[in-house]
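Each chain is listed here by its residues.
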Number of protein chains: 2
Amino acid sequence: MSDHLVAGIEPPYYTVVFTSLRTEGDRGYGETADLMKKLVEEIPGYLGYESARTPGGLGITVGYFRDEDAIAAWRSRLEHQSAQRRGRAEWYESYSVHVAKVERSYSFQRGGTGEPADS
Amino acid sequence: MSDHLVAGIEPPYYTVVFTSLRTEGDRGYGETADLMKKLVEEIPGYLGYESARTPGGLGITVGYFRDEDAIAAWRSRLEHQSAQRRGRAEWYESYSVHVAKVERSYSFQRGGTGEPADS
């Protein structure tokens, strides 16, 4: 799981919102997730990700990409495609994917300048 | 926290991705979060939300809206503005907000028709 926020990227960029409910047990999920985190770093235009999972509940992973080409490059990675197939076969009860173009963004940091730059 | 996936909305629609790191303790956060969930339901064009938080770590809430007007209506709710101010004063170490237009989406349900409709 990520433990930092992705902030400060200049729009426009893309986000891929992946929300999921897992099956029981690990079944090799953790190992593959770690591999995917490494591989996606190699994609030109990959900007970062954030991930959270409520224990026993919903998981949300948000990936950030500069443009559609970067998303397409990640989608076409064979290891990613293999992981997706295994996800459907073993790891996920259900998932949803939303591919979206970020039009604006802002952030807050305690002890920073106070109000967000945009709202 | 939500425990269901938002799926099946026809694009285009908007998503607001809110990622955060909390301060220690509840400080009235839970009560206000419950109130916000009720109030946002009253916004015309609000389509749903998903939320997850890794214990002691990152939280991600994703809201879905039909259009920019719906987002603007939610942003202008006084109770929401008050909660945002209190969030900066008390509840959040840091947060980021990404407002994005969803161009495509797809979903998977175990025991469903197998392959996602789109990829």
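Rules used throughout
- Residues numbered from 1 in each chain as written.
- Chains lettered and ligands numbered in written order.
- Predicted model: local features only at pLDDT ≥ 70, side-chain atom pairs only at ≥ 80, totals over all residues.
- Heavy atoms only, no water.
- Contact = heavy atoms within 4.5 Å.
- Buried area = accessible area lost by both parts, 1.4 Å probe.
- Salt bridge = Lys/Arg side-chain N within 4 Å of Asp/Glu carboxyl O.
- Pairing = 2+ DSSP bridges.
- Helix = DSSP H or I, 4+ residues; strand = E, 2+ residues; numbered from the N terminus.
- Axes fitted to C-alpha atoms, helices over the stretch in contact; angles between N-to-C directions.
- Expected span 1.5 Å × (residues − 1).
- Buried < 20%, exposed > 50% of the residue type's maximum accessible area, 1.4 Å probe, protein only.
- Arc of directions from axis to C-beta.

Under the annotation held in an unreviewed UniProt entry, chain A carries the name Antibiotic biosynthesis monooxygenase and is attributed to Streptomyces melanogenes.

Considerations on the interface of chain A and chain B
How big an interface is tends to be stated in terms of accessible area lost as the parts join. Contacts between the two partners involve 57 residues from chain A, matched on the other side by 57 residues from chain B. With both chains or domains summed, chain A and chain B bury close to 4,500 Å², and 53% of this area falls on carbon and sulfur atoms. For chain A, the biggest contributors to the area lost against chain B are Leu-5, Arg-104 and Arg-110 of chain A; these three give 15% of the whole. If you look at where chain A meets chain B, you find 2 salt bridges.

Some words on the sheet that holds strand β4 (residues 92–109) of chain B
One open sheet holds the 8 strands; their spatial order is β2(A)-β3(A)-β1(A)-β4(A)-β4(B)-β1(B)-β3(B)-β2(B), and the pairing between them is antiparallel. Looking at the sheet topology across the chains shown, the edges are occupied by β2 (46–53) of chain A together with β2 (46–53) of chain B. Here the strands of the sheet are splayed against their neighbours by 25 degrees on average, with no regard to which way each runs. Relative to strand β3 (residues 59–65) of chain A, strand β1 (residues 13–22) of chain A is paired through 7 bridges, and the arrangement is antiparallel. By the bridge assignment, Ser-20 of chain A is partnered in β3 of chain A with Gly-59 of chain A. Together, β1 and β4 (92–109) of chain A together with β4 of chain B form the strand contacts of helix α3 (residues 78–91) of chain A, whose direction differs from that of β4 of chain A by roughly 120 degrees. The sheet contacts of helix α2 (residues 68–76) of chain B involve β4 of chain A together with β1 (13–22), β2, β3 (58–65) and β4 of chain B, and relative to β4 of chain A the element is tilted by about 65 degrees.

Overview of helix α1 (residues 29–40) of chain A
All names here are of chain A. Relative to the 16 Å expected for 12 residues at 1.5 Å per residue, α1 spans 16 Å between its end C-alpha atoms, a close match to the ideal helical length. Where α1 is concerned, the buried positions are Thr-32, Ala-33, Met-36, Leu-39 and Val-40. Summarising the axial view, the buried residues of α1 lie within an arc of 125 degrees, below the 170-degree limit, and thus occupy one face. Away from the buried face of α1 by more than 90 degrees, exposed residues Glu-31 and Lys-38 are located. Where α1 is buried, its residues touch β2, β3, α2 (68–76) and α3.

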